[in-house]
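# Topology and contacts: notes
Each chain is listed here by its residues.
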Amino acid sequence: MAVFDIKKLLQSVVTHGASDLHLVSRSEPQIRLSGTLKPVNLPVLTGEDIEEMCYSLITEKQKQQFEEENELDFAVVLPGIGRFRANYYRTLGNPAAAFRIIPIEIPSLDELGAPAIYKKLVKREKGLILVTGPTGSGKSTTLSAMLNEINLTEHKHILTVEDPVEFIHRNKKSVFSHRGVGDDTKSFAAALKYALRQDPDIILIGEMRDRVTIEAGLSAAETGHLVFGTLHTSSAPGTINRIIDVFSGDEQPQIRAMIASSLAGVISQMLLPKLGGGRVAAAEILIPNNAISNLIREDKVHQIYSQMQLGQGDTGMQTQTQAIVKFYKDGKVSREIALQYANKPDEVAKNI
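First, a word on scope: everything that follows refers to the structure included in this document. This is a predicted model, so every value here is computed, not measured.

Let's shift gears to the packing of helix H10 (residues 252–262) against helix H11 (residues 290–297). Relative orientation of the contacting elements H10 and H11 amounts to 170°, with a least axis distance of 8 Å. Judged by the angle between their axes, H10 and H11 are roughly antiparallel. Side by side, H10 and H11 meet where Arg256, Ala257, Ile259, Ala260 and Ser261 of the first sit next to Ser293, Ile296 and Arg297 of the second. For the contact of H10 with H11, the class distribution of residues is four nonpolar, two polar and two charged.

Rendered as structure tokens:
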């Protein structure tokens with residue numbers, strides 16, 4: 001018999017202001033608070049406990065899918081508690097689960113303290129905007145705030161393709177078509193193949209995980225749509241390399257040309273623990289100018305970083321080092337955290 005009720009457990013996660021809940025056998029439940037895992041004061045779980053708790057949230061069809069594939073991604077709404085993105089998996093033969101809280105209220109860019117350039121980016125008529133970073137770096141939150149800004153100010157048809165659908169936007173000035181992979185469409189590739197027939201102004205691709213989705217995103221951005229996408233990369237120049245590397249050598253010149261002409265911006269972010277609790281998002285922001293577009297075309301991506309340091313005047317560009325150093329000087333993060341999270345710790349050390 002399960003020791004506790006999963007709904008009560010998820011309710012307590014919301015009450016504590018945690019971001020995630022982890023259920024793994026041979027461990028007590030753990031929650032992530034301000035980026036750090038903390039055990040909940042409850043008994044150690046067995047595989048049977050987890051199975052009983054987790055199966056109470058899913059349909060027969062989902063159970064069957066989990067038993068066949070040993071993986072299950074879905075979103076669940078618990079009335080009065082909240083909305084969660086869930087992943088069920090197996091470890092040493094036992095079921096395990098990770099739940100991420102998705103706020104029902106979508107934050108504004110101002111509430112996130114986002115750089116001013118974000119509001120300029122979302123005014124673009126077309127182009128590809130990438131928000132990247134490791135898992136749990138707040139990519140979905142930043143993207144939802146950017147789409148929320150459009151929803152408040154413009155009359156657009158916004159099509160999102162996600163696995164699963166995370167933030168659900170209420171139509172204000174814009175109209176949203178949320179499509180969940182598995183529920184509303186078979187795959188990212190299928191959804192994107194038909195997307196242009198659905199007359200979108202803006203397309204959000206939940207994850208540009210393979211060649212087909214990347215190609216579809218680039219094509220849509222070239223044909224007059226504003227496309228938002230995410231990748232698991234930790235720097236802006238690294239993001240461009242990741243996209244190019246998905247394609248074979250003879251295709252790369254054409255892909256470089258597509259990126260050079262359609263890329264509107266790359267935001268690579270990371271959440272740093274803040275002094276006094278909470279977290280702050282350090283963003284590396286790349287806004288291509290002529291010099292950067294030429295470097296992409298000419299296969300000189302390694303030179304982009306120095307261009308980012310130069311071309312900052314009114315572009316809104318910044319390196320991750322600058323973002324972290326500013327947090328340190330504003331008393332938001334400690335020296336240890338600044339160096340621990342930096343892509344270029346030597347550069348940060350020199351600047352602080």
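Picking up after the structure, the text goes on.
Over its 12 residues, helix H8 (residues 211–222) runs 16 Å from end to end, which matches the ideal 16 Å to within 8%, given 1.5 Å per residue. Here H8 has its buried residues at Thr213, Ile214, Gly217, Leu218, Ala220 and Ala221. For H8, the angular spread of the buried residues around the axis is 165°, confining them to a single face. Check the buried side of H8 and you find it contacts strand E7 (127–132), helix H7 (188–195), strand E10 (202–205), strand E11 (226–231), helix H9 (236–245) and H10. Two residues or fewer after H8 comes Gly224, characterised by a positive phi angle close to 100°.

Attention now moves to the pattern of salt bridges. Applying the stated criterion to the full structure yields 14 salt bridges. Across the pair Asp20 and Arg100 runs a salt bridge whose closest N-O atoms are separated by 2.7 Å. Residue Asp20 is found in strand E1 (residues 20–23), and its partner Arg100 is found in strand E6 (residues 94–102); the two are separated by 80 residues along the sequence. Considered together, Asp20 and Arg100 belong to a single accessibility category, that of buried residues. Residue Glu166 is joined to Arg85 by a salt bridge in which the shortest nitrogen-to-oxygen separation is 2.5 Å. Taken as a pair, Glu166 in the loop between strand E8 (157–162) and strand E9 (175–180) and Arg85 in strand E5 (residues 82–91) lie far apart in primary sequence, 81 residues in all. Among the residues examined, Glu166 registers a relative accessible area of 10% and is labelled buried. You can call Arg85 partly exposed: its relative accessible area is 22%.

What counts, and at which threshold
Residues numbered from 1 in each chain as written. Predicted model: local features only at pLDDT ≥ 70, side-chain atom pairs only at ≥ 80, totals over all residues. Heavy atoms only, no water. Axes fitted to C-alpha atoms, helices over the stretch in contact; angles between N-to-C directions. Helix = DSSP H or I, 4+ residues; strand = E, 2+ residues; numbered from the N terminus. Parallel < 35°, antiparallel > 145°, perpendicular 65-115°, else oblique. Contact = heavy atoms within 4.5 Å. Nonpolar A, V, L, I, M, F, W, Y, C, P; charged D, E, K, R; others polar. Expected span 1.5 Å × (residues − 1). Buried < 20%, exposed > 50% of the residue type's maximum accessible area, 1.4 Å probe, protein only. Arc of directions from axis to C-beta. Salt bridge = Lys/Arg side-chain N within 4 Å of Asp/Glu carboxyl O.

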